[in-house]
Amino acid sequence: MSKTVIIAEGGASRTAYSAGVMDALLEQGFVSDMFFGVSAGIAFGVSYCSGQQGRNKTLVTDYMPTPQYSGVKHLLRPDNRSFYNLDYIYGTVPNELLPFDFDAFAQYKGRCVSVITDLETGEAVYPEVPRDDRQFTHLRASCALPLLFPPIEIDGRKYMDGGIADSIPFRQALSEGADKLIVILTRERGYKKSPEPTEQLIIKAFRAYPEFCHKILTRSQRYNEDTAELESLRQQGKAFVFYPKKELLCSRTESDPEKLRRLYDYGFRHGMWAKDQLAKFLAK
């Protein structure tokens, strides 16, 4: 029996585009058999899996642009040590201000997977997101960008952003039985990743973890190999890939509400425009 998977790349604020695409898929009544999310891809992805159409739009437009959501002041707080206000984003917002439907999430019949990077081994780990974790620990770990987040501890091990080890986990999804790949990227078609400007700072900060540092140093090369293989799969009709327009993309830490809304709206329109093409792909 065919199994569809949605794979959502990370990209922090750029993932407003992905949120729009996901809401368009919910508008069409399409729910995938599996969901793999990396970093902000899984942070938005849980609302897709819970079927809460429009929740991510509110998150993008009403919460992400606010000083309470992110900023250097939060990075300097000893109890937070992140550019993002962690307990507010993963605790207060989903539990009080913009309620997340845990009951609906529990009823999602597929696998909802967060991709995280083991700090000790440098390897990607692919756990299912617990359906009842009201502090979203796995989402925090998947989003934990070096220098902008502290390592996140789960069951005695420390983890960082999933994109460091596996930015686009289509091979893992295939190995778990998926045969219809729907991939939402946050970079334009043909994008080539370059080494991060902060690469040497990260290496210095994490020098006690050589395997993790190796993943940092090889990340751009591995990413470019992944996108080249994924584009080949798309051309062969084996993957359906959503690419955003370069002109509409924003920075990783963008907080301008108009830019975020425009990117979300574009993602939604793109998802709706692709409806017939996606139907043909799924019918093969």
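Our structure is the block above this text.
Report on the accompanying structure. (Residues numbered from 1 in each chain as written. Predicted model: local features only at pLDDT ≥ 70, side-chain atom pairs only at ≥ 80, totals over all residues. Heavy atoms only, no water.)

As a further point, take the pattern of salt bridges. Inspection of every chain in the model, using the stated rule, returns 13 salt bridges. Here Lys-193 makes a salt bridge to Glu-196, at a shortest N to O gap of 3.6 Å. By sharing partners, the salt bridges in this structure join Arg-111, Glu-128, Arg-131 and Glu-176 into a single network. (Salt bridge = Lys/Arg side-chain N within 4 Å of Asp/Glu carboxyl O.)

Between helix α1 (residues 16-27) and helix α2 (residues 40-49), the least distance of the axes is 10 Å, while the angle of their chain directions is 20°. Here α2 runs roughly parallel to α1, going by the angle between their axes. Seen along the crossing, α1 lies across α2 with a hand that is right-handed. The segment α1 lies against α2, with Ala-16, Ala-19, Met-22, Leu-25 and Leu-26 engaging Gly-41, Phe-44, Gly-45, Ser-47 and Tyr-48. (Axes fitted to C-alpha atoms, helices over the stretch in contact; angles between N-to-C directions. Helix = DSSP H or I, 4+ residues; strand = E, 2+ residues; numbered from the N terminus. Parallel < 35°, antiparallel > 145°, perpendicular 65-115°, else oblique. Left-handed = near helix turned anticlockwise from the far one by under 90°. Contact = heavy atoms within 4.5 Å.)

Between helix α3 (residues 55-63) and helix α5 (residues 86-97), the shortest axis-to-axis distance is 13 Å and the interhelical angle comes to 120°. Here α3 is positioned oblique relative to α5, judged by the angle of their axes. Relative to α5, the crossing made by α3 is right-handed. Here α3 contributes Arg-55, Leu-59 and Tyr-63 to the contact with α5, which in turn contributes Tyr-88, Val-93, Pro-94 and Leu-97. Residues belonging to the contact of α3 with α5 are distributed by class as follows: six nonpolar, no polar and one charged. (Nonpolar A, V, L, I, M, F, W, Y, C, P; charged D, E, K, R; others polar.)

Mapped onto the fold, Arg-131 is located in the loop between β4 (124-125) and α7 (137-142). Each C-alpha atom, one on Arg-131 and one on His-214, is 33 Å from the other, the two residues being 83 residues apart in sequence. Leave out the neighbours within four places in its chain, and Arg-131 touches Phe-102, Phe-105, Ala-106, Tyr-108, Gly-110, Arg-111 and Cys-112. A polar contact is formed between the side chain of Arg-131 and the backbone oxygen of Gly-110, at a distance of 2.8 Å. (Polar contact = N/O pair within 3.5 Å; in protein donor to acceptor, adjacent residues only side chain to side chain.)

Moving on, we come to the side chain of Asn-224. Inspection of the secondary structure assignment puts Asn-224 in helix α10 (residues 210-235). Residue Asn-224 is classed as buried on the basis of its relative accessible area, which comes to 18%. Setting aside its immediate chain neighbours within four residues, Asn-224 contacts Tyr-191, Lys-192 and Lys-193. (Buried < 20%, exposed > 50% of the residue type's maximum accessible area, 1.4 Å probe, protein only.)

Extensive coverage of strand β3 (residues 111-118) is indicated by the burial of seven of its eight residues. Examined bridge by bridge, strand β2 (residues 34-38) and β3 share five bridges and lie parallel to one another. Counted as the bridge partner of Val-38 is Val-115 from β3. One ladder, built from two bridges, connects β3 with β4; its direction is antiparallel. Bridging from a neighbouring strand, Ile-116 pairs with Val-125 of β4. As consecutive antiparallel partners, β3 and β4 are separated by five residues, and within that stretch Gly-122 has a phi angle of approximately 75°, a positive value. Direction of pairing for β3 relative to strand β6 (residues 157-161): antiparallel, over a ladder of three bridges. Bridging across to β6, Thr-117 finds its partner in Met-160. (Pairing = 2+ DSSP bridges.)

Scope: geometric values only; no functional claims are made or implied.
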